[in-house]
Amino acid sequence: MTEPRLSSLSHGGGCGCKIAPAVLADILKSSGTATLFPPQLLVGIETSDDAAVYQLNDEQAIVATTDFFMPIVDDPHDFGRIAATNAISDVYAMGAQPLFALALVGMPVNVLSTETIGRILAGGQAACTAAGIPIAGGHTIDSVEPIYGLVVLGLVHPKRVKRNADARVGDLLVLGKPLGVGIYSAALKKNALGPEGYAQMIAATTRLNTPGPRLAALDGVHALTDVTGFGLAGHGLEMARGAQARVVIDWARVPLLPGVRELALQGFVTGASGRNWTSYGAEVELGGTLADVDRALLTDPQTSGGLLVACSPGSLAEVQAAFAADGFEAAVVGRVEAGRPGLSVA
């Protein structure tokens, strides 16, 4: 049968389909989720961190996360790889090593062939194989839109857990991947992304954030997260709130994927970018030289984005070496200063 483009079946692809931060906060506020927090639960929902962490004993804590979304690309295998890589990233972002995964699969079985669905799952399997973990089970449903993702479990020493909330005044901020995946995805959906741009997009979104555990072993690394659906501004704000300090982004030093700024100037911006700004823009102070396109890039939802590290200046060389060991070109993009919690972009 003739099948539609995968991206045409999703109202929002990748991490761009996340519920807006302000809406999510309202939902959680009235959901009654904060009912039981045993002392073994080292990380829960309190700081919107990347994964939950539960201490098993003096040497081991289990890390648990889940992530799933609708297609961000049309190639089934690429979609599966991106979704699985994105889910595994949350384990790395806590400083943990992944152990195994469970697949979450929702597919419109009357619209997509079993071959196409199989290729999505094979893409997810490829990402897990690259991470050295099995997919040990999962759950499937017949759904209106294609949905794929993983539950991922990992293991970490309790003293090496790195939260998003523990940055300190004086820390430097280091970013592991360039921004622009949401811009690329918006252009792709309108057939405006060329082969080189697509190749860049796939390379970025299928690259596992393997430096996470190595970074977590460094005493000078105080906080760690990954930049995903809320954009650099949103995840920087989470760090600022947790630290009760001011996060300052040096915009000129923030790396962008090739051609992204030009695409954004042409109007290829996701709806999630605007929703992000509506949710947290009041907490962001923009420098006078920044244009609307810069705001769009700051709020651009990243799918399988890079690690964002808060570290002491004295540990910067070690942090950069930890990234470089796995071939990442990490960039210093800002710092943490004393002041009212929020984000400044200069």
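None of these values were measured; they are calculated from a predicted model.

Engineer: Teacher, can you tell me more about the packing of aromatic side chains here?
Structural biologist: Overall, the coordinates contain two aromatic pairs when judged by the stated rule. Relative to F79, the ring of F69 lies with its centre 6.4 Å away and its plane at 40°, an arrangement referred to as tilted. Here F79 lies in helix 2 (residues 76-93) and F69 lies in strand 3 (residues 61-69), a separation of 10 residues in the sequence. With respect to class, F69 is no different from F79; both count as buried.

Engineer: Just checking my understanding: could you explain the nonpolar core for this structure?
Structural biologist: The tendency in soluble globular proteins is for nonpolar side chains to be buried side by side. In this structure, I88, Y148, L150, L173, I249 and W251 are the most contacted members of the largest nonpolar core, which totals 84 residues. Looking at which element gives the most residues to this core, the answer is helix 2, with eight residues. Discounting residues that sit within four places of it in the chain, W251 has contacts with L179, L256, R261, L290, D294, L297, L298, V345 and A346.

Engineer: Just checking my understanding: could you explain the sheet that holds strand 9 (residues 246-249) for this structure?
Structural biologist: One key point about sheets: their strands pair by backbone hydrogen bonds, in either a parallel or an antiparallel sense. Read from one edge to the other, the open sheet built from seven strands follows the order 8-11-7-12-9-13-10, with strand pairing classed as mixed. Sheet topology places strand 8 (221-226) and strand 10 (284-286) at the edges, where each strand pairs with a single neighbour. Adjacent strand axes in the sheet meet at a mean angle of 20° when their direction is disregarded. Relative to strand 11 (residues 307-311), strand 8 runs antiparallel, the two being bridged by five bridges. Bridge pairing in strand 11 places V221 opposite C311. Taken strand by strand, helix 2 contacts strand 8 and strand 11, and its axis lies near 170° from that of strand 8.

Conventions and cut-offs
Residues numbered from 1 in each chain as written. Predicted model: local features only at pLDDT ≥ 70, side-chain atom pairs only at ≥ 80, totals over all residues. Heavy atoms only, no water. Phe/Tyr/Trp six-rings, centres within 6.5 Å; stacked < 30°, edge-to-face > 60°. Helix = DSSP H or I, 4+ residues; strand = E, 2+ residues; numbered from the N terminus. Buried < 20%, exposed > 50% of the residue type's maximum accessible area, 1.4 Å probe, protein only. Core = buried A, V, L, I, M, F, W, Y, C linked by side-chain atoms within 4.5 Å. Contact = heavy atoms within 4.5 Å. Pairing = 2+ DSSP bridges. Axes fitted to C-alpha atoms, helices over the stretch in contact; angles between N-to-C directions.

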